[in-house]
Every structure is written in structure tokens, then in C-alpha cells.
Amino acid sequence: MSFVSCAEMLAAARSQGISLAEAVLRSDLAESRLTEEKSRADMRALWHVMQATSRDYCPAQRSRSGLSGGDAAKVEQAAAAGLLFGGEYLSAVTAEALKTAECNACMKRIVAAPTAGSCGVLPAVLLPLARAGEATDEEICDALYVAAGFGQVIAARATLAGAEGGCQAEVGAASAMAAAALCSLKGGSAEQCAAAAAMALGNLLGLVCDPVAGLVEVPCIKRNVVGAVNAVACANMALAGVDYAIPCDEVIDAMGRVGAQLSPDLRETGMGGLAATPTGQAIAQRLADEG
Ligand code: SF4
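Cut-offs used in this document
- Residues numbered from 1 in each chain as written.
- Predicted model: local features only at pLDDT ≥ 70, side-chain atom pairs only at ≥ 80, totals over all residues.
- Helix = DSSP H or I, 4+ residues; strand = E, 2+ residues; numbered from the N terminus.
- Rg over C-alpha atoms; globule rule 2.2 N^0.38 Å.
- Buried ≥ 20, exposed ≤ 12 C-beta atoms within 10 Å, placed from the backbone.
- Contact = placed C-beta atoms within 7 Å.
- Expected span 1.5 Å × (residues − 1).
- Core = buried A, V, L, I, M, F, W, Y, C linked by C-beta atoms within 7 Å.
- Near = placed C-beta within 6 Å.
- Nonpolar A, V, L, I, M, F, W, Y, C, P; charged D, E, K, R; others polar.
- Arc of directions from axis to C-beta.
- Axes fitted to C-alpha atoms, helices over the stretch in contact; angles between N-to-C directions.
- Parallel < 35°, antiparallel > 145°, perpendicular 65-115°, else oblique.
- Left-handed = near helix turned anticlockwise from the far one by under 90°.

(A) How the structure looks around the overall build of the chain. Broken down by element type, the chain carries 13 helices and zero strands. The order of α-helices and β-strands along the chain, N terminus first, is α-α-α-α-α-α-α-α-α-α-α-α-α. Taken against the 2.2 N^0.38 rule, which gives 19 Å for 291 residues, the C-alpha radius of gyration of the chain at 18 Å falls within 12% of a compact globule. Overall size of the chain, expressed as C-alpha extent along the three principal axes, is 60 × 45 × 35 Å. With 291 residues in all, the chain has 53% of them scored as buried. The contacts in the chain between residues at least 6 apart in sequence include a share of 78% that link residues at least 24 apart.

What follows is the structure, encoded as C-alpha cells:
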């Protein structure tokens, strides 16, 4: 894919009279030289991995550090008992984001979409829809092309790496991708998808990368939930016709600039933010002592 701006991506769809998903697919084919059949098969395979990660989630499994595991099952149990706010979909989104991110901490297979640290966001918003029969595999794959289009523009204009741009570049980007994907799934226009992505990234602007003990566990796993829930809220706003004052490309540029302004302590070094709290430091010390 070669889009360097959302404006260009939207214009490509408009000028050819095709959907945003189709525009991203065609651009990808032009660059990768894959056949459409192969590209779609690859996308389906990624979707199948997302499904398998959730299906194979093991509530009893813990990460090597002992910091992660079992939380998604707690959310599912509480939801089944009617204890949670937000209805079935929001509970499922929360549980799925935790599941995939916990699986990542437990070294299981995930799809880095766009990164391993933010791998829970996209599947979290899509899996409950597929499970409820509200979206077919083909529709989900189209939504994943839309997500990929926005992710690619973010990578081209700013960064997707926490070490470069902080967590706004990982969970923020994943949230923008998920918001656009959801918006497209509900038949939102290309402009609405861009507004959803802009809102989602704008809402997480400035989010720092501060993994405790340098592990992609605390605060990463719970931030995947925030990225997913933010995506749902932003997709809903965009679908309702709520606009965002700042165009998506400008939000992405702002994210890149904010990332460059972040202290190195707040860019995946595990030295600032939550990693620098007394408890964060104590956890890091304990893990170092345990070897
Ligand atoms: S805090 Fe850092 S390591 Fe964790 S998900 Fe965010 S960017 Fe990735």
C-alpha cells in the first residue's frame, strides 16, 4: 500500500467510485503484486488467527512474570452474572481485548495489528460481532482492509512504535484502525471512517509508553481495553454524524510531533510513568532478583 495520507486514500475511493476497503485492497495489490485472491486469503488467515487466539485462551495460564493472565475470564464471569455496565457487546469487547493481550503476554500466537503491544484492540471490537452473526468473515476482512489503510497512513506519516511515539502510536493507532473498521462495517462513508479514526487517535494523544519492568503487560493489557472501548465510542459518534474538527491527517501529524517531544523515559524504556512508581520499581526489582 502506498497511501501517504487519508485524504489521498479517500480521494482514491471517491474517484473510482469504490469503497474504502476496495481502494486499500487495490493499492495493496499494485504494490505487493499479489493476486486479489491471494491478498484476500492472507487477510482471512489473519482473521482466523485472531479467532483462534480467543478460542484457545486459557484462564489458568499466567505469564512468566506472574503479572498477567485470567482477567478476561473474570470479566466474562462477571458479565454472565449481570454485574457489569454497558451491555453484552461492551462486556465482550472488554473480555476479548484482555484475552488477546493476555495471550501475547503468555507468548501465544497473536496478530500484531499494528503491534504486539496493541494486538487486543482490533479483535476485541470484531470478534463479538462475528460471534453474534452480525458480520460475515468477508465483511470482517473488508473492515480489516480499512483498518490496514489507516494503519499504513499512520506508519507513513508518524510511527507505530511505542519506542518512537509512546503508547499513542501503538494503542492509539490500533484504536484509530478499529474505529474506522467498525464504522465501515456499519456502512459508514469513507469520510465517517476517517472521522472515527481521527477521534480515536485524538482521544489518546499524548499516551506514554511506560511498561513496568519493560514487559508488555502492565499497563499494556488494560490499555488494549481502553483502545477498544474508545474505538466503539468513536465509531458510534462518527456513524451518528458527529464530526471531528481536526482532519485525520493532521491528527496523525500531531501524534508524530507529540511522540518526538516525549521524554525518552516515556518511550518504552520502562523508566518513566507507571514503570517509575514505587510499586512498578518494586515489581521490576523482584523480577530481576528472581532472574
Ligand atoms: S505501554 Fe508501551 S509497550 Fe505497552 S502497549 Fe503501550 S506502547 Fe506498547
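Additional details are given in the paragraphs that follow.
(B) Looking closely at helix α2 (residues 20-32). Under the 1.5 Å per step criterion, the end-to-end length of α2 is 18 Å for 13 residues, consistent within 8% with the ideal 18 Å. Buried residues of α2: L20, A21, A23, V24, L25, S27 and D28, and no others. Residues of α2 that are buried in the fold lie against α1 (6-16), α3 (36-55), α7 (137-157), α9 (171-185) and α10 (190-203). Residue R33 follows α2 closely and has a positive phi angle near 65 degrees.

(C) A look at the nonpolar core. If you look at the biggest cluster of nonpolar residues, it comprises 101 residues, and the most contacted ones within it are A178, A179, A180, A181, A196 and A197. Looking at this core element by element, the count peaks at twelve residues for α9. Excluding residues that lie within four positions of it along the chain, A181 makes contacts with L122, L126, A143, L144, V146 and A147.

(D) Structural view of the site of the ligand. Around the ligand lies a shell of 14 residues, among which G117, G162, C167, C209 and C220 are the nearest. Its residues placed into classes, the shell around the ligand shows seven nonpolar, three polar and four charged.

(E) Just the environment of C119, in detail. Relative to the elements of secondary structure, C119 occurs in the loop between α5 (87-105) and α6 (121-131). With 18 residues separating them in the primary sequence, C119 and D137 have C-alpha atoms 19 Å apart.

(F) Geometry of unusual backbone geometry. With an omega of 10 degrees, the peptide bond running from A113 to P114 counts as cis. P219 follows V218 through a cis peptide bond whose omega is 10 degrees. Locating P219 in the fold gives a position in the loop between α10 and α11 (220-239). You will see that R33, though not glycine, has its phi angle at about 65 degrees, which is positive. Relative to the assigned elements, R33 resides in the loop between α2 and α3. The exposure class of R33 is exposed, given the 8 C-beta atoms found within 10 Å. Of note in this structure, E268 is not a glycine but carries a positive phi near 70 degrees. Position of E268 relative to the elements: it lies in the loop between α12 (248-261) and α13 (278-289). When the 25 C-beta atoms within 10 Å are taken as the criterion, E268 is described as buried.

(G) Examining the environment of I252 more closely. Tracing the backbone shows I252 in helix α12. Separated by 79 residues in the primary sequence, I252 and A173 have C-alpha atoms spaced 8.9 Å apart. Residue contacts for I252: discarding those within four places in its chain leaves V153, I154, R157, A158 and L201.

(H) Structural context of α3. An ideal rise of 1.5 Å per residue puts 28 Å on 20 residues; α3 measures up with 28 Å between its terminal C-alpha atoms. All of the buried residues in α3 are M43, W47, M50, T53 and S54. For α3, the angular spread of buried residues about the axis comes to 115 degrees, placing them on one side. Of the residues in α3, the exposed ones pointing more than 90 degrees away from the buried face are E37, K38, A41, A45, H48 and R55. Tucked into the core, α3 has its buried residues touching α5, α6 and α7.

(I) How the structure looks around the packing of α9 against α10. Relative orientation of the contacting elements α9 and α10 amounts to 150 degrees, with a least axis distance of 8 Å. Of the possible angle classes, the one that applies to α9 and α10 is roughly antiparallel. As for how α9 packs across α10, the hand of that crossing is right-handed. Across from G172, A173, S175, A176, A179, A180, C183 and S184 in α9, the residues of α10 making contact are Q192, C193, A196, A197, M199, A200 and L201.

Keep in mind these numbers describe shape, not what the thing actually does.
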